[in-house]
Amino acid sequence: MAVLISLSLSDMLVTALVLGRMISPEYFSFLVPGIVTVGLFTAATDTGRRIWLALREGVVQYYMTLPIRTSGLVVAYIISGGLGGVVYSSALLIIASFAVHPQNIFNAILLVPFMFVLATGLAGLAAFFASISRRGEIYWVYAQALQVSLITISTVFYSAKTIAQYLPGPIATIADYNPLSLAATALRESVFSGQLLNTVVLSNLLETSLPLAALGALAYWVILRTLRLRGKP
Amino acid sequence: MNRVLNLAAFNIRVLLSDPTWFFLSWALFALQLAVYGSLMSKLIGSNLPNYFFFYSIGLMIIVVFESAEDVGRHFVENAHEGELPYFLTLPISRSGFLVSQAMYGVANTLLKVAPPLLAVLFLSENLTVPGTLFALLALFLLGLGITGIMVSLSFIAFKAVDIYLAVLAGLSALLVRFSTVFYPLAVMPNYYSPISVLSPLTYGADLTRWFLGFDPKYLLNPVLAAVVVTAIAVSTLSLSARIVDKIIEGVKVA
């Protein structure tokens, strides 16, 4: 947790500050909510690493001897990813509020359940990749590809308008519907600009996150069931 | 020497047996350059002319840094899986063992960084033989220096792997953020500049850019950068040689 916080803090207090000097002072305020979203992503996707380790080290065999159903185990993992993401991003949001003054703290509280759903979706996605990683270190290939592609093609670092202006339409559309873009937009508009909660953005956030959570839960459930029946994944 | 080469060749064959990492590394490099690099260069505009090229070299420094980290992790992984004690029983000196690890690291780095470097230089019409060779030399020296740091830090993993990974993540964050990998020293606030000159990546990045013809007014003195990059490579490799020689015997990763 301390390492994750220090990574996000250095992003906020070094990278955002220097890029703000290179682009414009407003860019710092633009980037800070994006960094909070990236923090949520990092904490939530740690679920994938934990599942991968549990499968690799055989800890999952121990889990399956516990008096808990397979579906309970799956739900516990996904919820823990969601809670991890929310706790971590809330801590970051509090720290960020010292750097950029929030205009509507009440909206930040209202956004927490949506952030939780987003974090479960990201945890589900990471769980999916961990479950399908059958050989050696291949999980890290998936994890790196997921991280770079989701963060790069999003509105974390640049606005949707900038993407639409300079890149082809399909990339702009992917960036628009990327859950990280939706979360960053919700934070920028509702918490740091003080506008009303945008229901379209929030419903898009739910629509993109819930299927990811379900996909991850299903993949992990299948792998656990196979393990129970065959004794190996 | 023949045994050292055999061991290095064995490690490199293992590396080449799974080319997924290389394709992924090149694909992610291209994605970041095409999306992040092009958009940020538009946003930055004339505040730093040719930011796209500046960023592409920075991204190569990150590839070198991550490859060097791989060598450190590979070393720790060998200890974790029990291969390290086996390697230590081979009729090869400790320094020979370290040289074989370094050769593995160099192969890993060059394979990951050379294709993107050639592609960027070709597309930006900066492709010259001396520029490319000297840039590769700078990246090679930087890679050796970072490898030395990572292998030297591996003794932490002999106490606790989790602490090693945490130290690695924290150190990586500090070395990259407080360096000129993504922004020049000239635009950094005064209170960050003294920290930035402590990062080896600053010297490696600026030296590579200088070899490739980037505007020198945004870069450190190339002679100073070359001296520092060489000194770091020599000193950290000497330190890791000492660690391999004295500390490694009989250890196992927690």
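Please read these numbers as outputs of a predicted model, since none were measured by experiment. (Residues numbered from 1 in each chain as written. Chains lettered and ligands numbered in written order. Predicted model: local features only at pLDDT ≥ 70, side-chain atom pairs only at ≥ 80, totals over all residues.)

## Some remarks on the overall build of chain B
Right, so step 1: Within chain B, the secondary structure is distributed over ten helices and zero strands.
Right, so step 2: Expected size for 254 residues packed as a compact globule is a radius of gyration near 18 Å; at 19 Å, chain B falls within 12% of this value.
Right, so step 3: On the principal axes, the C-alpha backbone points of chain B span a range of 60 × 40 × 30 Å.
Right, so step 4: Across chain B, contacts joining residues at least 24 apart in sequence account for 77% of those joining residues at least 6 apart. (Helix = DSSP H or I, 4+ residues; strand = E, 2+ residues; numbered from the N terminus. Rg over C-alpha atoms; globule rule 2.2 N^0.38 Å. Contact = placed C-beta atoms within 7 Å.)

## Side note on the overall build of chain A
Right, so step 1: The secondary structure content of chain A amounts to ten helices and zero strands.
Right, so step 2: Overall, chain A shows an N-to-C arrangement of helices and strands of α-α-α-α-α-α-α-α-α-α.
Right, so step 3: Compactness check: chain A gives a C-alpha radius of gyration of 18 Å against a globular reference of 17 Å for 233 residues, within 12% of the reference.
Right, so step 4: Its C-alpha atoms give chain A principal-axis dimensions of roughly 60 × 35 × 35 Å.
Right, so step 5: Taken across its 233 residues, chain A has 45% of its residues classed as buried.
Right, so step 6: Considering only contacts within chain A whose residues lie at least 6 apart along the sequence, 79% involve residues at least 24 apart. (Buried ≥ 20, exposed ≤ 12 C-beta atoms within 10 Å, placed from the backbone.)

## Looking at helix α10 (residues 199–230) of chain A
Residue and element names in this part refer to chain A.
Right, so step 1: Over its 32 residues, α10 extends 46 Å from the first C-alpha to the last, a length consistent with the 46 Å expected when each residue adds 1.5 Å.
Right, so step 2: Among the residues of α10, L202, L205, S209, L212, A213, G216, A217, A219, Y220, I223 and L224 are the ones counted as buried.
Right, so step 3: Where α10 is buried, its residues meet α2 (25–57), α4 (70–99), α5 (105–132) and α9 (179–192).
Right, so step 4: Immediately beyond the C-terminal end of α10, within one or two residues, lies G231, with a positive phi of roughly 85 degrees. (Expected span 1.5 Å × (residues − 1).)

## Concerning the environment of M188(B)
Right, so step 1: For M188(B), the location among the structural elements is in the loop between α7 (161–177) and α8 (193–196).
Right, so step 2: Its 21 C-beta neighbours within 10 Å are what place M188(B) among the buried residues.
Right, so step 3: M188(B) sits ten residues away from F178(B) along the chain, and the two C-alpha atoms are 9.2 Å apart.
Right, so step 4: Sequence-distant contacts of M188(B), defined by excluding residues within four places in its chain, comprise V18(A), Y183(B), S193(B) and S196(B).

## As for the nonpolar core
Right, so step 1: Residues L40(A), A127(A), A183(A), V64(B) and V229(B) are the most contacted members of the largest nonpolar core, which totals 139 residues.
Right, so step 2: In this structure, A127(A) is in contact with T47(A), G48(A), I51(A), Y77(A), I78(A), G216(A), A219(A) and Y220(A), ignoring residues within four places of it in sequence. (Core = buried A, V, L, I, M, F, W, Y, C linked by C-beta atoms within 7 Å.)

## Some details on the packing of α4(A) against α10(A)
Residues and elements named next belong to chain A.
Right, so step 1: Viewed as axis vectors pointing N to C, α4 and α10 meet at an angle of 140 degrees, and their least axial separation amounts to 9 Å. If you check the angle between α4 and α10, you find them oblique. Both α4 and α10 take part in a crossing whose hand is right-handed. Contacts between α4 and α10 involve T70, S71, L73, V74, V75, Y77 and I78 on the former and, on the latter, A213, G216, A217, Y220, W221, L224, R225 and R228.
Right, so step 2: Broken down by class, the residue content of the contact of α4 with α10 amounts to ten nonpolar, three polar and two charged. (Axes fitted to C-alpha atoms, helices over the stretch in contact; angles between N-to-C directions. Parallel < 35°, antiparallel > 145°, perpendicular 65-115°, else oblique. Left-handed = near helix turned anticlockwise from the far one by under 90°. Nonpolar A, V, L, I, M, F, W, Y, C, P; charged D, E, K, R; others polar.)

## Quick notes on the interface of chain B and chain A
Right, so step 1: In this assembly, 27 residues from chain B lie in contact with 25 residues from chain A.
Right, so step 2: Elements represented by at least two residues in the side of chain B that touches chain A include exactly α2 (20–44) and α7 of chain B.
Right, so step 3: In terms of residue count, the dominant contributor to the side of chain B that touches chain A is α2(B) (13 residues).
Right, so step 4: Per-class residue counts for the side of chain B that touches chain A are 20 nonpolar, five polar and two charged.

## Quick look at unusual backbone geometry
Residue and element names in this part refer to chain B.
Right, so step 1: The backbone of N50 sits at a positive phi, close to 60 degrees, despite the residue not being glycine.
Right, so step 2: Within the secondary structure, N50 sits in the loop between α2 and α3 (51–81).
Right, so step 3: By C-beta crowding, N50 is classed as partly exposed, having 14 other C-beta atoms within 10 Å.
Right, so step 4: Even without being a glycine, E125 presents a positive backbone phi close to 55 degrees.

## A look at the confidence of the model for chain A
Right, so step 1: The predicted model of chain A has a mean per-residue pLDDT of 85, with 97% of residues at 70 or higher.
Right, so step 2: Here helix α3 (residues 59–63) of chain A stands out as the least confident element of chain A, with mean pLDDT 82; helix α7 (residues 160–166) of chain A is the most confident, with 93. (pLDDT = per-residue confidence, 0-100.)

## Some thoughts on the packing of α5(A) against α10(A)
All names here are of chain A.
Right, so step 1: One way to put it is that α5 packs onto α10 with a least axis distance of 7 Å and a crossing angle of 35 degrees. The hand of the α5/α10 crossing is left-handed.
Right, so step 2: Per-class residue counts for the contact of α5 with α10 are 22 nonpolar, seven polar and no charged.

## Observations concerning helix α6 (residues 138–152) of chain A
Right, so step 1: Look at α6(A): 21 Å from first C-alpha to last across 15 residues, which is about the 21 Å you get at 1.5 Å a residue.
Right, so step 2: Within α6(A), the full set of buried residues consists of Y139(A), A143(A), L150(A) and T152(A).
Right, so step 3: For α6(A), the secondary structure elements touched by its buried residues are α2, α5 and α9 of chain A together with α2 of chain B.

## Some words on the environment of G204(B)
Residues and elements named next belong to chain B.
Right, so step 1: Considering the arrangement of structural elements, one finds G204 in helix α9 (residues 200–211).
Right, so step 2: Note: C-alpha distance between G204 and S179 (25 residues apart in sequence) is 9.9 Å.
Right, so step 3: Apart from residues lying up to four places away in sequence, G204 is in contact with I61, A138, L142 and V229.

## A look at the confidence of the model for chain B
All names here are of chain B.
Right, so step 1: Looking at chain B, the pLDDT average stands at 85 and 94% of residues meet or exceed 70.
Right, so step 2: At the low end of the mean pLDDT range in chain B sits helix α4 (residues 83–89), at 76; at the high end sits α9, at 94.
Right, so step 3: Across the interface, the model reports ipTM at 0.86; the global pTM reads 0.87.

## Comments concerning the environment of Y139(A)
Residues and elements named next belong to chain A.
Right, so step 1: Within the fold, Y139 resides in helix α6.
Right, so step 2: Here the alpha-carbon distance between Y139 and A164, two residues 25 residues apart in the chain, equals 32 Å.
Right, so step 3: When near neighbours in sequence (up to four residues on either side) are disregarded, Y139 contacts G48, W52, F129, A130 and S133.

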